[in-house]
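Read off the chains here:
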Amino acid sequence: MQVSDRFHLWQGLSRRVQDIASAHRGCLAAALPPVSETDPEPIEKTAENTAADARAGRHARRLFETVHALTRTGRSHSSVARELGLDRRTVRNYARARTWQEVMRRPPRKPSTLDPYLDYLQQRWDEGQHSAKILHEELRTKGYLGHYQRMKMAVAPLRRGLPLDEPRERPPSPREVARWITTHPGRRSPHINDRLPRLLDHCPELRHTHDLVRRFASMLDNHDATPLPGWLDDLANSGLAPLAGLARALREDRHAVAQGITTPYNSGVNEGRITDVKLQKRLMAGRASVPLLRHRVVLIAHLRRHYADRLTVPPR
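Computed from a predicted structure; not experimentally measured.

Novice: Describe helix 13 (residues 228-236), naming the residues involved and giving the relevant values.
Specialist: Along helix 13, the positions that sit buried rather than exposed are Leu228, Trp231, Leu232 and Leu235. Viewed end-on, helix 13 has its buried residues packed into an arc of 100°, placing them on one side of the element. Of the surrounding secondary structure, the elements contacted by the buried residues of helix 13 are helix 1 (6-23), helix 12 (204-222), helix 14 (241-252) and helix 15 (254-262).

Shown next as structure tokens:
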């Protein structure tokens, strides 16, 4: 009996979803929340920021002109740094810049998995909860999967009386969108549940892809291959080349695919054995003979079966 492995079936479908997301990359920005222009910044804060930017700009411009005036005379960066009392790397950056505005540019902060929870952190801090450990536990219940140290660093500005960094969001990547679509709805984080519907409403192709993925997931969950022929027809007629190609490939092995959906068999045991062999090869290749390698492979297989049998024995 030929049985297609469920993991590889799902993996193949996920790759096609990523291909579709890549082909519709222009739609991915629709997942971002709309920018609200109705709440302007306070006048005092805006004025302070403008004044600070103006002072920094004047300083950068004067320093830029001074460095270029000195380096045009043929002096080295080290000599200019000693005269101005600056670090040599600072002088080098000013000397290489074509305009003083280039020196003022700051690289954007990289997006973080903590960004969707910054508002909640600020709210809990204002309510009096200042324990990083407790805040981390609360975020985990809301779907945050990041490390505790990242969250601890995020609340450090609050301890100094400074505001949290505002998240600078970027559109999701095709790989992220594919993961959103293939993740079970009950296991999606609030971040995904907020952005995925907005993206699907904007892109009909991705919405159609999402519906087809969920139909296949339902077949796997219910071990029911009855809807498989109709699902393959919908794949072929979807108008999406990656899904149409997948439909042709699955039709060639449709009996094995049906067995993979309905039977409990899978290649997980074989994949585990292959992993064991590769691990022993990496550990002992070049240092052990073939008989010793064979002995270690057989031994680890025996240990796996022994512990598996212990787990299946009912407790007394």
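Novice: Give me the packing of helix 11 (residues 190-202) against helix 12: which residues, what numbers.
Specialist: Close contact between helix 11 and helix 12 brings their axes to 5 Å; oriented N to C, the two are set at 120°. Classified by the interaxial angle, the pair formed by helix 11 and helix 12 is oblique. Contacts between helix 11 and helix 12 involve Leu196, Pro197, Leu199, Leu200, Asp201 and His202 from the first element and Pro204, Leu206, Arg207 and His210 from the second. Grouping the amino acids of the contact of helix 11 with helix 12 by side-chain chemistry returns 6 nonpolar, 2 polar and 2 charged.

Novice: Break down the packing of helix 12 against helix 13 for me, with residues and values.
Specialist: At a minimum axis distance of 11 Å, the contact between helix 12 and helix 13 shows a crossing angle of 160°. When the interaxial angle is binned, helix 12 and helix 13 end up roughly antiparallel. Two packed elements cross with a definite hand, and for helix 12 against helix 13 that hand is left-handed. The segment helix 12 lies against helix 13, with Leu212, Arg215, Phe216 and Met219 engaging Leu228, Gly230, Trp231, Asp234 and Leu235.

Novice: How would you sum up the packing of aromatic side chains? Please name residues and give values.
Specialist: In the structure shown here, the tally under the stated rule is 3 aromatic pairs. Aromatic side chains Tyr117 and Tyr144 sit 5.6 Å apart centroid to centroid with 70° between the ring planes, which places their arrangement in the edge-to-face category. With Tyr117 in the loop between helix 5 (100-104) and helix 6 (118-126) and Tyr144 in the loop between helix 7 (132-141) and helix 8 (148-154), this residue pair connects regions lying 27 residues apart in the sequence. When sorted by exposure, Tyr117 lands in the same class as Tyr144, which is buried. Residues Phe216 and Trp231 carry aromatic rings whose centres are separated by 4.7 Å and whose planes lie at 25° to one another, so their mutual orientation is stacked. Here the residue Phe216 occupies a position in helix 12, and Trp231 occupies one in helix 13, the gap between them amounting to 15 residues. Here Phe216 and Trp231 have matching classes, each one buried. Lys142 extends its terminal NZ or CZ atom over the ring of Tyr120, reaching a point 4.7 Å from the ring centre.

What counts, and at which threshold
Residues numbered from 1 in each chain as written. Predicted model: local features only at pLDDT ≥ 70, side-chain atom pairs only at ≥ 80, totals over all residues. Heavy atoms only, no water. Buried < 20%, exposed > 50% of the residue type's maximum accessible area, 1.4 Å probe, protein only. Helix = DSSP H or I, 4+ residues; strand = E, 2+ residues; numbered from the N terminus. Arc of directions from axis to C-beta. Contact = heavy atoms within 4.5 Å. Axes fitted to C-alpha atoms, helices over the stretch in contact; angles between N-to-C directions. Parallel < 35°, antiparallel > 145°, perpendicular 65-115°, else oblique. Nonpolar A, V, L, I, M, F, W, Y, C, P; charged D, E, K, R; others polar. Left-handed = near helix turned anticlockwise from the far one by under 90°. Phe/Tyr/Trp six-rings, centres within 6.5 Å; stacked < 30°, edge-to-face > 60°. Lys NZ or Arg CZ within 6 Å of the ring centre and 35° of its normal.

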